[in-house]
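Read off the chains here:
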Amino acid sequence: EHSEHEHDLNGASEDLKYREPRYLLYDVNPGEGFNLRRDVYMRIAVLVRSLNEDGPWTLVLPPWSRLYHWRSRDVGPQERIPWSLFFDLDSLREFVPVMEFHEFLEVNKKNTIDEVYYLQHYKEGWDKWEEKMDKRPCITNPYDWNPESQHWYGWFFGYNDEVEALKMECISVMGHAGILKPFLLKNTSARSVMLDRAETVLHDRYGDAVFWQVRRSMRFSKQLRDIGDAFRAEFLDSTDAKDKTVVEKSWKNMKRKHGDALGGPYLAVHLRRADFVRVREKDVPSLKFAAKQLKDLAEKHSLNKIFVATDAPMDEYKLLKGYIGDSYEVFKFEPTKQMRKDFKDGGVAIIDQWICAHARLFVGTRESTFSFRIQDEREILGFNPDMTFNRLCHEKDKKCEQPTRWHIEY
Ligand SMILES: C[C@@H]1O[C@H](OP(=O)(O)OP(=O)(O)OC[C@H]2O[C@@H](n3cnc4c(=O)[nH]c(N)nc43)[C@H](O)[C@@H]2O)[C@@H](O)[C@H](O)[C@@H]1O
């Protein structure tokens, strides 16, 4: 084996080039929120894992910069945030090789990305679904040609004043992420390739065992989980041993059956408000009606603590609390100033999700990806689906259809 390796090194440079890792970068439509972005990561991670069947590829994690929902102005700039602040990268790496963007810039040794492909739909639309992709003129193009450097200038996750691309083209695509694999292997040999608007491609197989593997690998960073756990212990009488939510060291060994997890003795709600009150008017109940539904559920399940995760302003939260009244203890996670500085709006939201994931009973908001990610977390922990797939309804929605049950697969 050793001599073979030496032979390769002395042999054709093509061979060597092939064996050095290639880098896949991606970005998402700037308007998308954190939890849809987590979903796009999963699609691309499955693609990169499949590229690794052919040769070494590393997925470069897109830094978090200026997300629309991150509105706090007193926590310092919410830009160029590395994934390690939010996620456990060792755990991600048990699914696919990943590195941070700043690490990529170091190994890349230059501030250019070789090729950027901006994914778009077909301009003419479509009448029958078929998997296809074609290089096409750009319908819209957020990149600019820089005549001085002869490179392409773009946002690049907030590194716009440092990074440029050597080549930029648009690709119209209709299909699953896997459709890009032959293109990446055969039509380009660039060392670093970036797919922008990666949300354009779909999950290869939504909800299958591979989907759940990558989902299980997406563990939150230990520091954030620890803060959530401390809050559970202090206010919600909730610890893993008692609640049967102990996690295995590696997600690979974590295989639970429905009903294995009990959860802490509290009802958790994700009450999505802010922009949802406008854009999903029909699904967001009044605070008064939300309070009524919560009281009914808490009573039915004999729970006297209610944990509220919400993006509502404080005055709305106080109103809700007032409507719930004194028969229940109502809690909200209130980060210290230092925590907010350290973990920003994104980290605080994760702590909220983590606490919701450990409740005996969870109720979410319809069509919110924030609620969906809590539901999958609970599937991983092994909750009875009846205690997970619930949502609040608008007072006029008499049918009050409950969420689709996406069950975990192994
Ligand atoms: C209307 C649409 O809504 C979609 O949001 P949706 O799926 O709920 O969920 P997300 O895509 O995560 O966006 C909502 C963001 O608002 C904050 N947020 C929402 N709920 C909570 C909460 O309970 N606690 C805390 N701490 N923060 C919360 C948080 O920053 C979160 O990432 C967006 O992805 C789309 O871009 C679009 O704006």
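Our subject is the structure that appears above.
In this report, we go over the structure that sits alongside the text. (Residues numbered from 1 in each chain as written. Predicted model: local features only at pLDDT ≥ 70, side-chain atom pairs only at ≥ 80, totals over all residues. Heavy atoms only, no water.)

1. Section: the nonpolar core
Core analysis: the biggest nonpolar cluster contains 77 residues, and Y26, Y41, L59, W83, F86 and F307 have the highest contact counts within it. Of all the elements, helix 3 (residues 34–51) adds the most residues to this core, at 10 residues. Not counting chain neighbours up to four residues away, the residues in contact with W83 comprise Y26, Y41, L61, P62, P63, W64, L89, L92, E100 and M218. (Core = buried A, V, L, I, M, F, W, Y, C linked by side-chain atoms within 4.5 Å. Buried < 20%, exposed > 50% of the residue type's maximum accessible area, 1.4 Å probe, protein only. Helix = DSSP H or I, 4+ residues; strand = E, 2+ residues; numbered from the N terminus. Contact = heavy atoms within 4.5 Å.)

2. Examining the sheet that holds strand 12 (residues 329–331)
The 4 strands lie next to each other as 12-11-10-13, forming an open sheet whose pairing is parallel. Single-partner strands in this sheet number two, and they are strand 12 and strand 13 (359–363). The average undirected angle you get between the axes of adjacent strands in this sheet is 25°. As defined by bridge partners, strand 10 (residues 264–271) adjoins strand 11 (residues 305–310) across 5 bridges and the pair is classed as parallel. Within strand 11, the residue paired with A268 across the bridge is F307. Sheet contacts for helix 11 (residues 287–300): strand 10, strand 11 and strand 13; angle to strand 10, the most-contacted strand, approximately 155°. (Pairing = 2+ DSSP bridges. Axes fitted to C-alpha atoms, helices over the stretch in contact; angles between N-to-C directions.)

3. Some details on helix 14 (residues 369–381)
The end-to-end C-alpha separation of helix 14 is 18 Å, in line with the 18 Å expected for 13 residues at 1.5 Å each. Taken across its 13 residues, helix 14 has 11 buried, putting it largely inside the fold. Every buried residue of helix 14 is accounted for by F370, S371, R373, I374, Q375, D376, E377, R378, E379, I380 and L381. Looking at the buried side of helix 14, the elements it contacts are helix 3, helix 7 (209–217), strand 10, helix 13 (337–357) and strand 13. The residue sitting at the N-terminus of helix 14 and contributing the capping side-chain oxygen is S368; that oxygen lies 3.2 Å from the backbone nitrogen of F370. (Expected span 1.5 Å × (residues − 1). Polar contact = N/O pair within 3.5 Å; in protein donor to acceptor, adjacent residues only side chain to side chain.)

4. Focus on a nonpolar patch on the surface
A cluster of nonpolar residues, W126, W129 and L202, forms a patch on the protein surface that exposes about 350 Å² of accessible area. By the element assignment, W126 lies in the loop between strand 4 (112–120) and strand 5 (132–136). Here W126 falls in the exposed class, since its relative accessible area comes to 55%. (Patch = residues over 30% accessible without salt bridge, like charges linked within 9 Å, V, L, I, M, F, W, Y side chains within 5 Å. Areas by Shrake-Rupley, 256 points an atom, 1.4 Å probe, with all protein chains shown as cover. Salt bridge = Lys/Arg side-chain N within 4 Å of Asp/Glu carboxyl O.)

5. A word on the site of the ligand
Taken together, the neighbourhood of the ligand is formed by 20 residues, with N35, R272, D352, S368 and T369 sitting nearest. Residue D352 places a side-chain N or O atom 2.8 Å away from a nitrogen atom belonging to the ligand. Within the complex, the protein chains bury 87% of what would otherwise be the 710 Å² of accessible surface of the ligand. Listing elements by their share of the shell around the ligand, those giving two or more residues are helix 3, helix 10 (276–279), strand 11, helix 13 and helix 14. Residues belonging to the shell around the ligand are distributed by class as follows: 7 nonpolar, 8 polar and 5 charged. (Near = heavy atom within 4 Å. Nonpolar A, V, L, I, M, F, W, Y, C, P; charged D, E, K, R; others polar.)

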